[in-house]
Amino acid sequence: MNRRYVHALRAPVARLWAMAAALVVANAVIAPDLLHGTRVTAMANLLAPLALAALAGVPSVLSGGGGLDLSVGPALGFVNVVTVAVLAEHGILSAWLGIPLCVLLGGLVGAVNGLLVAYGRLQPIVATLGTFLVLSGLALVVLPQPRGGAPWWASFLADGSLGGYLPHILILPAGALVLWAGLRRFGLVRLVTAVGSDQRAAYTSGVHVPVVRLGAYTLGGVFAGLAGIALTALTDSADPTAGKQYTLMAIAAVALGGNALSGGRGGMLGPLLGAVVLFLIQLLLSSAQVSSLWIQVVYGVILLVALCLNSAPRSGRRLRVTAARGV
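The numbering scheme is per chain: residues are counted from 1 as the chain's sequence reads. The predicted nature of this model means local features are confined to residues of pLDDT at least 70 and side-chain atom pairs, given and counted, to a pLDDT of 80 or more, with totals for whole chains, interfaces and linings taken over all residues. Heavy atoms throughout the structure, all of them, feed into the side-chain values; hydrogens and water do not.

Caption draft 1: Expanded view of the confidence of the model for the protein chain. In predicted models, pLDDT denotes the confidence assigned by the predictor to each residue on a 0 to 100 scale. Taken over all residues, the pLDDT of the protein chain has a mean of 86, while the share at 70 or more is 90%. By the convention used here, residues are in contact when the closest approach between their heavy atoms is within 4.5 Å. Confidence over residues 5-9 falls short of pLDDT 50; this stretch has 5 contacts with residues more than four positions distant or in other chains.

Caption draft 2: Structural view of the layout of surface pockets. As a volume, the largest pocket reaches approximately 520 Å³. Lining residues are those with an atom within 4 Å of a point, where the points come from a 1 Å grid over the protein atoms alone and group into cavities, where a 1.4 Å probe fits but cannot get out, or pockets, open sets with protein on both sides within 12 Å along at least five of seven lines. Together, 23 residues line the largest pocket, and Ala-44, Leu-47, Leu-170, Val-276 and Phe-279 are the ones closest to its centre. Helix numbering and strand numbering both begin at the N terminus, where a helix is a DSSP run of H or I of at least 4 residues and a strand a DSSP run of E of at least 2. Mapped onto the lining of the largest pocket, the elements with two or more residues apiece are helix H2 (12-30), helix H3 (37-62), helix H8 (171-185) and helix H13 (269-287). Gly counts as polar in this scheme, as do all residues outside two lists: the nonpolar Ala, Val, Leu, Ile, Met, Phe, Trp, Tyr, Cys and Pro, and the charged Asp, Glu, Lys and Arg. Class assignment of the residues belonging to the lining of the largest pocket gives a composition of 23 nonpolar, no polar and no charged. Grid points are joined across faces, edges and corners, and a volume is the space filled by probe spheres set on the points.

Caption draft 3: A look at unusual backbone geometry. A positive phi angle is found at Arg-121, which is not glycine, with a value near 60°. If you trace the backbone, Arg-121 turns up in the loop between helix H5 (95-119) and helix H6 (124-142). Any residue under 20% of the maximum accessible area for its type is buried, any over 50% is exposed, and the rest in between are partly exposed; the area is computed with a 1.4 Å probe on protein chains only. By relative accessible area, Arg-121 is classed as exposed at 69%. For Asp-236, which is not glycine, the phi torsion reads 55° and is therefore positive.

Caption draft 4: The arrangement of helix H9 (residues 188-197) in detail. If you check which residues of H9 are buried, you get Val-189, Val-192, Val-195 and Gly-196. Take H9 and look down its axis: the buried residues cluster within an arc of 125°, on one side only. Exposed side chains of H9 directed beyond 90 degrees from the buried face belong to Arg-190 and Ser-197. When we speak of the arc, we mean the arc of directions from the helix axis to the C-beta atoms.

Below is the structure:
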């Protein structure tokens, strides 16, 4: 068999496509109405916040330095709270103003993380753990109890579909992917990957490493802002504790998607498919009436397995290089 074909089959994305297909079949067997029109829209609403949270975790990981962003969940939860408790309550109901403000808020959170990591020289996991706690506390200060009353555009995103087939909520992840593609075209993604692969080599090549890393964290915050909008559309309300659950799922989706948590290797398609697989697993467990208490256990196991699968090829290449050098 052609070596390139074998390598493609072993790639994380190929495995994820196969897993997603198998899970769709399994879900369809347990719940035959899975692909009915109204059910598809409901599932898209459930998937969108998770998919965007996974995308939000990619830029910081790709920039290297152990860039796990633990604040993704609270960031999207804080955007959800501000949307209902501040924007809607003060009459800021226009989609042309409300949505950009939510995205800007997410970007500001990401920029704070970037400043702490790139210029404050803090370890990413420590810096983002700090913002995790700050945002969790601020969400409770702004909104101590869950509350309804989301803006009209949140309901528009959650209800209906374009042409009867494409749920409105998918506009948000599509927008995130278009933004990523545009930044790739202008070279920012390449710079982030170069910094994540070898920071010293990137610096000696003239790359301003702190600025690039700041941009990566800010971009992750923008995606978290979109995830907060998706969460608001899903719940049509705000809950100060709802966002935390997405942190572990986002990290698991990024690792499952084949992105190296050490940085410099990966993209958006793998984590996006990873989020789809996690969602389909959750859907399968729910359809099979498995206790929801097991879902976090399953996510943890998936994360460990993904980390082992990601590290195995790199370890194998390292051993081959060492053997070739005769060390």
